[in-house]
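Observations on the model geometry
Chain by chain, the residues:
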Amino acid sequence: MAQTTTRNYYKILGITQKTSKADIKKKYRELAKKYHPDTNSGSKVAEDKFKIISEAYEVLSNAKKRKEYDRERAYQKKSPRRPRSQPDWSGPPGGFGRESGGNQQRQEEPFAQEPEAVDPDMPTSGFDLQFMIDVPLPIVALGGTIPYTYEKYVQCEECEGTGSSGGDECPECQGKQLVVRSVTLDVKIPPGVADQYTLAFIKEGGAGRNGGPPGQLFLKICTQPHPKFKRVKNDIIEEVFISASLAEEGGPLKVDTLNGTTTIQVEEETLVGEELRVPGEGAAISWGKKRGDLIIKFNIEAE
Ligand SMILES: [Zn+2]
C-alpha cells in the first residue's frame, strides 16, 4: 500500500485535481487504449504501464479512495524521505517512458482543495473499454467467431465485491471491490464487416461498483493483411502465377478461394495482368445475404 501511494496518479493520467470526472475517464480511456497489451504485441513495458494506468484510474475515479490517496500524499510530501521504489511516471500524457529528469523537483499540485464529496457507497457503473482486434481477412470477409482476450475489472471473488472480509479490508482487492482479470470473449465477426468498423459488446466492459452496471466493450476491426488475398470493397483480388504454356494454350487451373479451392478455365492467349472474375467467391455483402466476386489476376512465369 505504501508503495502504491508513492506514485503520482494525477501525473500518470495527465490530469490535475480540478479535472472533471468525465475528463478523467476520457484520459484513462486514451491511455488504456494506447498501452493495452494487445495493441503493444504483449510488450511487458506496455503491460506494466497499462496496469499502473488502471490503478491510477481506479483510485482517482473513486471519491473515497481518492480522498484517502490525497491525504496520504499530502502527508508524504511533508516527510523528507520519500520511498522511490517505483519508476517515476511524471510527464505529459502520452509521454510515458520519457525520462523527465529532476525527479526531486517535480511539481506537486496544491492540496488545498478537497475533492468533491461523493457518496462512496453509491452504485457506480463500470467503465467502457475500447480496443483494436486483429481479424484474419477470410473471417472479416465471410464472418466467424474468434476469441479475444483482454483485461478488465471484475468483481473481487474473495469478498464477492464487498471490499471487506471479516470487518477488515479485503486483502485480495485492498477494499476496491474489484480486481483486474484477464477474460476471453468469443467475438462474433459479422460476415463482410468493413475494416475499422467498431463492434459494441454491451456489459462486457469493466464491472461496476456497489451494484452499478458494467461498462461496454468496443472492438475496432483491424483486418490482418493476407499473403494471397486483397479485399476491395466486396471483391477479393488474388494474383496467380501461371506458366507461359498455360497462358498460351489455356486450360484448367486450381486456385485458392476464401474458404477452399475452385478450378477456373484459363483462356487461350492470356496476357499478363488479365483478370478473370469468379462470381460469388468474394466477401459477403449485406451481412451475408450475397457475396462479391473473386478476381483472379494473372502473372506469367518466365520460361
Ligand atoms: Zn475483495
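Being a predicted model, the structure only gives us computed values, none of them experimental.

Points about the overall build of the protein chain
- For the protein chain, the helix and strand inventory stands at six helices and 15 strands.
- Every one of the 303 residues in the protein chain was classed for burial, and the buried ones make up 27%.

Concerning helix H3 (residues 44–60)
- Relative to the 24 Å expected for 17 residues at 1.5 Å per residue, H3 spans 24 Å between its end C-alpha atoms, a close match to the ideal helical length.
- All buried positions along H3 are accounted for by Lys49, Phe50, Ile52, Ile53, Ser54, Ala56, Tyr57, Glu58, Val59 and Leu60.

Some remarks on the packing of helix H2 (residues 21–35) against H3
- Running from N to C, H2 and H3 cross one another at 165°; their axes reach a closest spacing of 9 Å. Taken together, H2 and H3 sit at an angle that is classed as roughly antiparallel. You can see that H2 and H3 cross each other, and the crossing is left-handed. Together, Ile24, Tyr28, Leu31, Ala32 and Tyr35 of H2 and Ala46, Lys49, Phe50, Ile53, Ser54, Tyr57 and Leu60 of H3 make up the contact between the two elements.
- Across the contact of H2 with H3, the residue classes break down as 10 nonpolar, one polar and one charged.

Concerning the environment of proline 138
- Along the chain, proline 138 falls in helix H5 (residues 137–142).
- Sequence separation between proline 138 and glycine 192 is 54 residues, and the spatial gap between their C-alpha atoms is 9.3 Å.
- Sequence-distant contacts of proline 138, defined by excluding residues within four places in its chain, comprise Leu258 and Asn259.

Comments concerning the sheet that holds strand S15 (residues 294–300)
- Strand order in the open sheet made by the four strands is S8-S9-S15-S12, with mixed pairing throughout. For this open sheet the edge positions go to strand S8 (229–232) and strand S12 (275–278), each flanked by a neighbour on one side alone. Across the sheet, the mean angle from the axis of one strand to that of its neighbour is 30°, orientation sign disregarded.
- In the sheet, S12 pairs with S15 via four bridges, with the strands oriented antiparallel. Looking at S15, one finds that arginine 277 is bridged to isoleucine 295.

Some remarks on the sheet that holds strand S7 (residues 217–224)
- Spatial strand order, S1-S7-S6: three strands in an open sheet with mixed pairing. Here the strands that pair on one side only, and so sit at the sheet edges, are strand S1 (129–136) and strand S6 (198–201). Taken over all neighbouring pairs, the strand axes of this sheet differ in orientation by 30° on average, direction set aside.
- Here S6 runs beside S7; their pairing, made up of four bridges, is antiparallel. Within the sheet, the bridge partner assigned to alanine 200 lies in S7 and is phenylalanine 218.

About the thresholds
Residues numbered from 1 in each chain as written. Predicted model: local features only at pLDDT ≥ 70, side-chain atom pairs only at ≥ 80, totals over all residues. Helix = DSSP H or I, 4+ residues; strand = E, 2+ residues; numbered from the N terminus. Buried ≥ 20, exposed ≤ 12 C-beta atoms within 10 Å, placed from the backbone. Expected span 1.5 Å × (residues − 1). Axes fitted to C-alpha atoms, helices over the stretch in contact; angles between N-to-C directions. Parallel < 35°, antiparallel > 145°, perpendicular 65-115°, else oblique. Left-handed = near helix turned anticlockwise from the far one by under 90°. Contact = placed C-beta atoms within 7 Å. Nonpolar A, V, L, I, M, F, W, Y, C, P; charged D, E, K, R; others polar. Pairing = 2+ DSSP bridges.

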